[in-house]
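# A structural walkthrough
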Amino acid sequence: MGAERDDLGTFGAVLRFAIQEEEEAGRFYQEAATQAASSPAARTFEEMAEEHRVARGTLERLRREEVAEMILEPIRGLSATSYHTPSTAGRVAGQLQSLAAAREEDLRRFYADAGLKLAFLPQVRRALQRLAQGAEARLSRLGHNPG
Amino acid sequence: MTVATVQNFVGGEWVDSASTERLDVVNPATAEPIAQVPLSTREEVDRAVRVAQEAFQGWRETPPTARIRYFFRLKELMEANFEELARTLVMEEGKTIDESRGEIRRAIENVEVTTGIPSLMMGYNLEDIAPEIDEECIRQPLGVFCVIPPFNFPTMVPMWFLPYAVACGNTFIIKPSEQVPLSMNKLVHLMDEAGFPPGTVNLVNGARGVAEALMEHPLVKGVSFVGSTAVAKQIYAKAAAHGKRVQCQGGAKNFMVVMPDAVLERTVPALITSVYGCAGERCLSGSVLLAVGEAYEPLRDAFTEAASRLKVGYGLDESSQMGPVVSRRHKERVLSYINKGVEEGARLLLDGRHVEVKDYPGFFVGPTVFDRVNPEMTIARDEIFGPVGSIMRVRDLDEAVEIIHASPYGNAAAVFTSSGQVARRFQYRVQCGNIGINIGIVAPMAFFPFGGFKDSFFGDLHGQGRDAVNFFTERKIVISRWF
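Residues numbered from 1 in each chain as written. Chains lettered and ligands numbered in written order. Predicted model: local features only at pLDDT ≥ 70, side-chain atom pairs only at ≥ 80, totals over all residues.

## A short note on the overall build of chain A
So the rule is basically this: Helix and strand definitions follow DSSP, with helices as H or I runs of at least four residues and strands as E runs of at least two, each counted in order from the N terminus. C-beta atoms are placed from the backbone for every residue, and two residues are taken to be in contact when these atoms lie within 7 Å.
For chain A, the count of helices and strands is 4 helices and 0 strands. Helices (α) and strands (β) of chain A occur, in sequence order from the N terminus, as α-α-α-α. Expressed as a percentage of contacts within chain A between residues at least 6 apart in sequence, the contacts between residues at least 24 apart total 74%.

Here you go:
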């Protein structure tokens, strides 16, 4: 029962995955800030770490407050493996920007897709759209700020 | 394995029951005991009632604005402990973590509504009802109330009553379901932390004996009950015989009508949630799908396919979409209904009797779908309280309404349609307390009463909202003239 591709088949599973990804992204940027080649780049990474901390708080609040007992409908066609950025252990300072961009691109795609799957919860959909926009904005900043 | 025994909370103190009789509290997914619950004695009930009565006068004299500050604090504590409450609920009741979060959210919403008690509790007045004579209606609290909740919503159901009663100035005793006392125990710990004065909120664990002692106690002013219809009838009669106010929510058999113009891709997920959410252990669960005319075949196929994809598992695994039923005994009851459906000639499209969940030997029943069900079959008449959906083909809306009205229950019914006219006819005609229009779980929000007609409710004032305020207050009329 339950196809493997549907491993994010519940509201809670989607939100938990997002929270974990934000946690990981926050840790990544904190570490990246210590390895950055310049102080402006370090500052950018620190700001991004903070943005991911705020995003995590938003997701935890959504999970707590927007769980609508009346419409906890099964979610189909959303799998964590399509969005999870692999571990970045062993990276070198020169790769920080591309690793960060890959992570943000995964998050952007995930939030865009998850927002559609959770369209029956408009508040959640809108929040996920905003998080997708945040990832997109960071992608743009990463293009202008070499790590 | 040694497990802890839950305590009673009386007069602001956590105390062990003197009773030597204990029942196991079993995790429905693992089938292992996780705690024990004492069957408290009649003397312990008497003490709790007397303590609550002693606390009443001081509490009712506390201004409503001060009373609701305890509820503001309680809300914050519930938010801060949200995940722990939800996880406890999964472990004792079996529902999924999402369903548990939904239940805790509902409980918090009731706390939020009661913070409006200074407005909700206001009376009304009129000057000059006769020359220079005025009249006013004042709402006053009555004293000690109690709740006897069911196993399926151990946190939410008590909160349909407790916050309203206490915010209105009454004192309160909870007797949690002996099957699932843990989440309420945690919640009362939070009430203790919120600083409610000793005796305003009390908790006495136990089973039928405690419930009877509460109903018979002369100092108890009212009883709120939610459970099966058979027990609701008994409690309604007994509590009324002892001069109590009483409100009893009973069982249900909820029909979901699907019209040919229903938007099937939105209707099927709503029906799946309704029938299989909380493993069907919900008094608002959809039970019988009445497919009108051409809706039948596409609905049957899409519903069965969606049901077959549900992932059954332990509720703490976030990917689980349906958990176990509450107990071994309840599982046997559900399975006996499935067997009965087969014996009586219904066509079993999806058989949940043999579902297995790796590493969890608990009380799982898989999603089950019956087709070619007729109104005379047992599975179409009785409340199964398990993950069993039945499909019946009907000619038109009139036949669907006839079938709904033939049921002794009147808790909830829903129609799925794109037609405003059909929806309007449905809500106008159907004799049920909660009506869904393209909604499969018609669960009223905290600021509305939780409805129920016929054998689904005994009493006149329901839980939640303004009904609750009326139930927990007496209206006093004052007519005045000054010389």
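Now that the structure has been shown, the text picks up again.
## Quick word on the overall build of chain B
Selection criterion: For this measure, only C-alpha atoms enter the radius of gyration; the expected value for a globule follows 2.2 Å times N^0.38, where N is the number of residues. Partly exposed residues are those falling between the two cut-offs: more than 12 but fewer than 20 other C-beta atoms within 10 Å of their own, whereas 20 or more means buried and 12 or fewer means exposed, with C-beta atoms placed from the backbone.
A count of helical and extended segments in chain B gives 16 helices and 22 strands. Against the compact-globule benchmark of 23 Å for 483 residues, chain B has a radius of gyration of 23 Å, which places it among compact chains. Burial analysis of chain B (483 residues in total) assigns 57% to the buried set. Taking contacts inside chain B between residues at least 6 apart in sequence as the whole, the part at least 24 apart equals 72%.

## Examining the interface of chain B and chain A
Accessible area lost upon the coming together of the parts is a frequently used measure of interface size. Inclusion rule: Classification convention: Asp, Glu, Lys, Arg as charged; Ala, Val, Leu, Ile, Met, Phe, Trp, Tyr, Cys, Pro as nonpolar; all other residues, Gly among them, as polar.
Counting from both sides, the interface comprises 26 residues of chain B and, opposite them, 20 residues of chain A. Those elements giving two or more residues to the side of chain B that touches chain A turn out to be α4 (97-114) and α10 (264-276) of chain B. Partitioning the side of chain B that touches chain A into residue classes produces 10 nonpolar, 6 polar and 10 charged.

## Points about the domain arrangement of chain B
Residue and element names in this part refer to chain B. The test is simple: Where a domain begins and ends is set by an automatic assignment or by a domain database.
Here chain B is described as being made up of domain 1 (8-250 + 456-480) and domain 2 (254-437). The straight-line distance from the C-alpha centre of domain 1 to that of domain 2 is 31 Å. Listed per partner, the contact involves 20 residues of domain 1 and 26 residues of domain 2. Those elements that place two or more of their residues in the side of domain 1 that touches domain 2 are α3 (82-93) and α4. Residues belonging to the side of domain 1 that touches domain 2 are distributed by class as follows: 8 nonpolar, 8 polar and 4 charged.

## Looking at the nonpolar core
Residue and element names in this part refer to chain B. The criterion, for reference: The term nonpolar core means buried Ala, Val, Leu, Ile, Met, Phe, Trp, Tyr and Cys residues held together as one set by C-beta atoms within 7 Å.
Counting residues in each nonpolar core, the largest one holds 79 residues, and the members touching the most others are F172, I173, L214, V223 and I235. Tallying contributions element by element places helix α1 (residues 42-61) first for this core, with 8 residues. Discounting residues that sit within four places of it in the chain, I235 has contacts with I148, M215, V223, F225, V246 and C248.

## Considerations on the sheet that holds strand β19 (residues 434-437) of chain B
All names here are of chain B. The cut-off we apply is this: Here, any two strands with at least 2 DSSP bridges between them count as paired. Axis definition: a line fitted to C-alpha atoms, over the contacting stretch in the case of helices. Angles run 0 to 180 degrees between N-to-C directions.
Across the sheet, which stays open at both edges, the 7 strands sit in the order β14-β15-β16-β13-β12-β18-β19 with mixed pairing between neighbours. Strands with a single pairing partner mark the edges of an open sheet, and in this sheet they are β14 (347-350) and β19. Each adjacent strand pair in this sheet contributes to an overall mean axis angle of 20°, direction not counted. Sheet topology places strand β13 (residues 286-292) next to strand β16 (residues 388-394); 5 bridges connect them, and they run parallel. The residue of β16 that forms the bridge with A291 is R393. Each of β12 (254-258), β13, β16 and β18 (412-416) is contacted by α10, which is oriented at about 150° to β13, the strand it contacts most. Here helix α15 (residues 420-429) sits on the sheet in contact with β12, β18 and β19, set at roughly 175° to β19.

## As for the packing of helix α1 (residues 11-35) of chain A against helix α2 (residues 39-65) of chain A
Residue and element names in this part refer to chain A. Our working rule: Working rule for angles: under 35 degrees goes down as roughly parallel, over 145 as roughly antiparallel, 65 to 115 as roughly perpendicular, anything else as oblique. Helix crossings get a hand from a simple test, with the near helix turned counterclockwise from the far one by less than a right angle marking a left-handed crossing and a clockwise turn marking a right-handed one.
Running from amino to carboxyl end, α1 crosses α2 at an angle of 160°, the nearest separation of the two axes being 8 Å. With respect to their mutual orientation, α1 and α2 come out roughly antiparallel. For α1 against α2, the interelement crossing comes out left-handed. Looking at the contact of α1 with α2, its residues break down into 14 nonpolar, 4 polar and 7 charged.

## Quick notes on the pairing of strand β15 (residues 368-371) of chain B
Residues and elements named next belong to chain B. The alternating pattern of β15 places T368 and F370 on one face and V369 and D371 on the opposite face, and all of these are buried. Where β14 meets β15, 3 bridges bridge the pair, whose relative direction is antiparallel. Bridge pairing links L350 to V369 in β15.

## Structural notes on the sheet that holds strand β5 (residues 124-130) of chain B
Residue and element names in this part refer to chain B. With respect to topology, 3 strands assemble into an open sheet ordered β5-β6-β22, the strand pairing being antiparallel. The sheet is open, and its two edges are formed by β5 and β22 (473-480), each paired on a single side. If you compare each strand with its neighbour and ignore which way they point, the axes differ by 25° on average.

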